[in-house]
Amino acid sequence: MARVLQVSVRNAKYQQWETLLRNRNKRHRAGSFLVQGVRPISLAVEHGWTVEALLYDADRPRLSDWARGLLERPHIEQAAVSGELIAELGEKDEDNPPELLAQVKIPQRRLADLATRPDWLGIVIDRPTSPGNVGSLIRSADAFGADAVVITGRNAADPYDPKAVRASTGSLFAMPVVSAASAHEVAEWARKQPHAPAIIGTDERGEQALSEHDLRGPTLLVVGNETAGMSKSWFELADATARIPMSPKAASSLNAANAGSVALYEAARQRTA
């Protein structure tokens, strides 16, 4: 039977969990992150991610069959956490605390782990600043059948930030997500692949509309930073830069998550046409 840790005060263990939510550097140093929500936790388990601990609401009179089923799994640390504290960790109102949270190991994924094929589709998010946009694009990549999401930039938003995990609605656990320091690192990897993907950047100044590019073969789409767009390096390294047609009356351009979703949809449309 799994050992159950009792946590009813903001002790060192609670502070450790809180750090996994709030501090990116310490999250990656610890190698784990907190997962909130029934669907994300279920998908983490379904896709074989390593669950290091399960935190449950110690003040709840009865847990659901779903929660009890997870807690019956062997070799997973369990913690009975007071309703007040688990509400804080779940970022919920104290009157509606989550019944279960999961501490999950961050996988060690590298570009070298990705393998392309003739119809491979990936998307790069270049230097994103919003974890919510990262999570939304991971969700879109999953929905439109992409094979991988690559995040470039040393200070890019973290896909394991709770905002990103929530915005992905569990797709983070079904989709390979890889971080790379620079555009050059990704381009070098792409050129060496047996099925080298065409690198198609997206920018409002692109000479041709995205729909005019053939996206049916191995393709790596690039979406730029929310404020500055694609970096100079990506403009130089991309095989082509395409624009997403917009209304001339539009007051602003699409944000990164929306632009990436449109690009992924166009690739999926061409492949199923």
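Residues numbered from 1 in each chain as written. Predicted model: local features only at pLDDT ≥ 70, side-chain atom pairs only at ≥ 80, totals over all residues. Heavy atoms only, no water.

As recorded in an unreviewed UniProt entry, the protein goes by the name rRNA methyltransferase, listed as coming from Glycomyces algeriensis.

### Re the overall build of the protein
Note the following rule: The helix count covers DSSP runs of H or I at least four residues long, the strand count covers runs of E at least two residues long, and both are numbered beginning at the N terminus. For the radius of gyration, the atoms used are the C-alpha atoms, and the globule rule reads 2.2 Å times the number of residues raised to 0.38. Relative accessibility under 20% of the residue-type maximum defines a buried residue, over 50% an exposed one, and the middle range a partly exposed one, all with a 1.4 Å probe and only protein chains included. Note on contacts: a residue pair is in contact if any heavy atoms of the two residues lie within 4.5 Å. All accessible-area figures derive from a Shrake-Rupley calculation using a 1.4 Å probe, and residue coverage is judged against the displayed protein chains alone. Only four residue types enter the tally: Lys and Arg on the positive side, Asp and Glu on the negative side, with His and both chain ends excluded. To locate a charge, the coordinates of NZ of Lys, CZ of Arg, CG of Asp or CD of Glu are taken.
Broken down by element type, the protein carries ten helices and twelve strands. Relative to the 2.2 N^0.38 estimate, which gives 19 Å for 273 residues, the radius of gyration of the protein is 21 Å and therefore close to what a compact globule would have. Counting across all 273 residues of the protein, residues that qualify as buried make up 52%. Within the protein, residue pairs in contact and separated by at least 24 positions form 78% of the contacts whose partners lie at least 6 positions apart. Of the roughly 13400 Å² that the protein leaves accessible, carbon and sulfur atoms contribute 47%. In the protein, 32 positive and 33 negative side-chain charges are present, and the distance between their average locations comes to 2 Å.

### Overview of the UniProt feature "domain: SpoU L30e-like N-terminal" (unreviewed entry) in the protein
Keep this limit in mind: UniProt positions are given in the numbering used here, feature names are shortened, and annotations may be inferred rather than shown by experiment.
When the UniProt feature table is mapped onto this chain numbering, "domain: SpoU L30e-like N-terminal" (unreviewed entry) sits at residues 11-102. As a span, residues 11-102 carries 45% helix and 22% strand, and end to end its C-alpha atoms are 18 Å apart.

### Notes on the side chain of His213
Mapped onto the elements of the fold, His213 is located in the loop between β10 (208-209) and β11 (219-223). Leave out the neighbours within four places in its chain, and His213 touches Ile200, Gln208, Ala240, Thr241, Ala242 and Gln270.

### So, the nonpolar core
Keep this limit in mind: The nonpolar core is taken to be a set of buried Ala, Val, Leu, Ile, Met, Phe, Trp, Tyr and Cys residues, with the residues joined through side-chain atoms within 4.5 Å.
Ranked by internal contacts, the top residues of the largest apolar core, which has 51 residues, are Phe33, Val149, Leu172 and Phe173. Top element by residues in this core is helix α10 (residues 256-272). It accounts for five residues. Beyond its immediate sequence surroundings of up to four residues, Phe33 is in contact with Leu20, Arg27, Trp49, Ala102, Gln103, Val104, Lys105, Ile106, Tyr160, Val165, Leu172 and Phe173. With 20 residues, the next largest nonpolar core counts Ala148, Val150, Met230 and Ala238 among its residues.

### What about the packing of aromatic side chains?
Where two aromatic rings form a pair, the distance of their centres and the angle of their planes describe that pair. To keep things clear, this is the line we draw: Within 6.5 Å between ring centres, the rings of Phe, Tyr and Trp (the latter by its six-membered ring) count as paired, and their orientation is classed by plane angle as stacked under 30 degrees, edge-to-face over 60, tilted in between.
In total, this model carries six aromatic pairs according to the counting rule given. Ring centres of Phe33 and Tyr160 lie 4.9 Å apart, and the angle between their planes is 55 degrees; this geometry places the pair in the tilted category. Within this pair, whereas Phe33 is found in strand β2 (residues 32-36), its partner Tyr160 is found in the loop between β7 (148-152) and α7 (162-167), the two being separated by 127 residues in sequence. Residue Phe33 shares its accessibility class with Tyr160, and that shared class is buried.

### Considerations on the pairing of strand β9 (residues 198-202)
Looking down a regular strand, the side chains alternate between one sheet face and the other. Put simply, the rule is: Two strands qualify as a pair provided DSSP detects at least 2 bridges between them.
Among the five residues of β9, four are classified as buried, and the element is accordingly described as predominantly covered. Bridging between β9 and β11 involves four bridges; their strand directions are parallel. Paired with Ile199 across the strands is Leu220, a residue of β11. Note: β9 against strand β12 (residues 240-243), three bridges, orientation parallel. For Ile200, the partnering residue across the bridge sits in β12 and is Ala240.

### Details of the pattern of salt bridges
As a reminder of what qualifies: Each reported salt bridge corresponds to a side-chain nitrogen of Lys or Arg within 4 Å of a carboxyl oxygen of Asp or Glu.
Under the criterion given, the structure shown has 18 salt bridges. Residue Glu91 pairs with Arg166 through a salt bridge whose shortest N-O separation is 2.6 Å. With a gap of 75 residues between them, Glu91 in the loop between α5 (83-89) and β5 (100-105) and Arg166 in helix α7 connect regions that are remote in the sequence. The salt bridge partner of Asp203 is Arg205, with a shortest N-O separation of 2.8 Å.

### With respect to helix α3 (residues 38-46)
Taken as a whole, α3 has its buried residues at Pro40, Ile41, Leu43, Ala44 and Val45. Buried residues along α3 sit against β2, β3 (51-57), α4 (65-71) and β5. One or two steps after α3, the chain reaches Gly48, where phi turns positive at roughly 80 degrees.

### With respect to the packing of helix α6 (residues 131-143) against α10
What counts here: Axis definition: a line fit to C-alpha positions, over the contact stretch in the case of helices; interaxial angles, taken between N-to-C directions, run 0 to 180 degrees. Note that the term roughly parallel is reserved for angles under 35 degrees, roughly antiparallel for angles over 145, roughly perpendicular for angles of 65 to 115, and oblique for everything else. Nonpolar residues are Ala, Val, Leu, Ile, Met, Phe, Trp, Tyr, Cys and Pro. Charged residues are Asp, Glu, Lys and Arg, and all others, Gly as well, are polar.
Between α6 and α10, the shortest axis-to-axis distance is 9 Å and the interhelical angle comes to 10 degrees. Between α6 and α10, the interaxial angle falls into the category roughly parallel. On the side of α6, the interface is formed by Asn133, Ser136, Leu137, Ser140 and Ala141, while α10 contributes Ala256, Ala257, Gly260, Ser261 and Leu264. Taken together, the residues that form the contact of α6 with α10 break down as five nonpolar, five polar and no charged.

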